[in-house]
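The lines below spell out each chain.
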Amino acid sequence: MNKSDDTALLLGQLTRIADALERKYPIDMAPDALPQADAYVWQSDIRQLVAVAKVNRLDIGLLKGINEQRDDLLSNTMGFVQGFPANNALLWGARGTGKSSLVKAVHGTVIARGHDLGLVEIHREDIADLPFLMAFLAQIERHFIIFSDDLAFEGGESTYKSLKAALEGGIEGRPDNIVFYATSNRRHLMPRQMMENERSTAINPSETTEETVSLSDRFGLWIGFHSIDQDTYLEMIDEYVKFYNIKAEGIDIRHEALAWSVGRGSRSGRVAWQFITDLAARTKTSLRR
């Protein structure tokens, strides 16, 4: 093997090492390099925001039975993009009641009203990156909602402490161009058993319980979601049928929708949408708008 072969072999090895290091320790994205998009997903493995080509959202007019929740979140968000004080929001309650759908629908509504608002989704397992992400977005002249869906913490996790600090913003406070919205099935983001266990093993039980509950207290706006009644469920079905112009001659839609909910053991916006998806498939109707 001659010297040129040795050099080529060495360069190849160095290139592989450099590539491996870059994958493990990727270079952080510069704020001015962030592509313009309505929404992004935080990818912790590459420490970058990835633009979302099309947000999977429903028209806000299709969200039935949550009028008060809709008005509260929309009002908070409109005030935020207009430069007024705004609260972090915790949307909590029963499964499938429209919590994440409302966040995305409000985001779409605010954009449709002419405001520049970015939606950034961060997964629960990446919450430890939240302080870095907020510091990054604070450098951009644009309003952002940081959104975490189905946020909850289990026994033994300490990530919630990082979340508490990030929501308060530390000594500098929360950046003016950022609000944090989260959805959860739990009002206090933690199972009751975890809170009771920490209380029973603490030197001062009341202080430990106070610490765990204080996480949800970092959200100035609590919006509760609850199971819907039959009339509201059927109203959802009717609105979907009209909105997507589903032609279902010979099908007793209401009867089948009720049977569908009985089969699922619940009535919710998610169950209504699942029925509509099935109905659209049977009637060869597109749900793209």
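One structure accompanies this document, and this report is about it. (Residues numbered from 1 in each chain as written. Predicted model: local features only at pLDDT ≥ 70, side-chain atom pairs only at ≥ 80, totals over all residues. Heavy atoms only, no water.)

### Considering the overall build of the protein
Note the cut-off: Numbered from the N terminus, helices here are DSSP runs of H or I no shorter than four residues, and strands are runs of E no shorter than two. A contact between two residues is defined here by any heavy atoms of the two lying within 4.5 Å. Residue exposure ignores everything except the shown protein chains as possible cover, and the areas themselves are Shrake-Rupley values with a 1.4 Å probe.
A count of helices and strands for the protein gives 10 helices and 7 strands. In the protein, of all internal contacts separated by at least 6 residues, the share reaching a separation of at least 24 is 77%. As displayed, the protein offers around 15,900 Å² of accessible surface, 48% of which is attributable to carbon and sulfur atoms.

### Focus on helix α8 (residues 230–243)
As a reminder of what qualifies: To estimate how far a helix should extend, the number of its residues minus one is multiplied by 1.5 Å. Working definition: with a 1.4 Å probe on protein chains only, accessible area under 20% of the residue-type maximum means buried, over 50% means exposed, and in between means partly exposed.
Under the 1.5 Å per step criterion, the end-to-end length of α8 is 20 Å for 14 residues, consistent within 8% with the ideal 20 Å. All of the buried residues along α8 are Thr 232, Tyr 233, Leu 234, Met 236, Ile 237, Tyr 240 and Val 241. Here the buried face of α8 lies against α9 (253–264) and α10 (269–282). Positive backbone phi, at 55°, marks Asn 245, one or two positions downstream of α8.

### A look at the packing of helix α2 (residues 67–81) against helix α3 (residues 99–112)
Selection criterion: Interaxial angle, 0 to 180 degrees, is taken between N-to-C directions of lines fitted to C-alpha atoms, where a helix line uses only the stretch in contact. Throughout this description, any angle smaller than 35 degrees is read as roughly parallel, any larger than 145 degrees as roughly antiparallel, any in the 65 to 115 degree range as roughly perpendicular, and the remainder as oblique. Each helix crossing is assigned a hand: it is left-handed if the near helix lies turned anticlockwise from the far helix by less than a right angle, otherwise right-handed if that turn is clockwise. Nonpolar residues are Ala, Val, Leu, Ile, Met, Phe, Trp, Tyr, Cys and Pro. Charged residues are Asp, Glu, Lys and Arg, and all others, Gly as well, are polar.
In the contact formed by α2 and α3, the axes pass within 10 Å of each other and the chain directions differ by 45°. Between α2 and α3, the crossing angle belongs to the class labelled oblique. Pair α2 / α3 crosses with right-handed handedness. Two secondary-structure elements touch here, α2 through Gln 69, Arg 70, Leu 73, Leu 74, Thr 77, Met 78 and Val 81 and α3 through Leu 102, Val 103, Val 106, Thr 109 and Val 110. Per-class residue counts for the contact of α2 with α3 are 8 nonpolar, 3 polar and 1 charged.

### Concerning α9
To keep things clear, this is the line we draw: By definition, the arc is the one covered by directions from the helix axis to the C-beta atoms.
Under the 1.5 Å per step criterion, the end-to-end length of α9 is 16 Å for 12 residues, consistent within 8% with the ideal 16 Å. Every buried residue of α9 is listed here: Ile 253, Ala 257, Trp 260 and Ser 261. Seen along its axis, α9 keeps its buried residues to an arc of 95°; they face one direction. When the buried face of α9 is taken as reference, the exposed residues oriented beyond 90 degrees from it are His 255, Val 262 and Gly 263. Looking at the packing, one finds that the buried side of α9 touches α8 and α10. Of the residues trailing α9, Gly 265 is marked for its positive phi of about 75°.

### Digging into the sheet that holds strand β2 (residues 48–51)
Hydrogen bonds between backbone groups are what pair the strands of a sheet, and the pairing can be parallel or antiparallel. Rule in force here: The pairing criterion for strands is at least two bridges between them, as found by DSSP.
Read across the open sheet, the 7 strands follow the order β2-β1-β4-β5-β6-β3-β7; overall the sheet is mixed. The open sheet has two edge strands with one neighbour each: β2 and β7 (221–225). Across the sheet, the axes of successive neighbouring strands diverge by a mean angle of 25°, strand direction being ignored. The pairing of strand β3 (residues 89–93) with β7 spans 5 bridges and is parallel. Within β7, the position partnered with Ala 89 by the bridge is Leu 221. Against the sheet, α2 touches β3, β4 (117–121), β5 (143–148), β6 (178–184) and β7, its axis set at about 150° to β7. Of the strands in this sheet, β3, β4, β5, β6 and β7 touch α3, which is tilted by about 155° from β4.

### Details of the pairing of β5
A large share of β5 lies buried, amounting to 5 of its 6 residues. Bridge analysis of β4 against β5 gives 5 bridges, and the strand direction is parallel. Residue pairing in the sheet places Leu 117 in a bridge with His 143 of β5. In this structure, β5 lies alongside β6, joined through 5 bridges in parallel fashion. Following the sheet pairing, Phe 144 is matched in β6 by Ile 178.

That is the geometry; function is a separate question.
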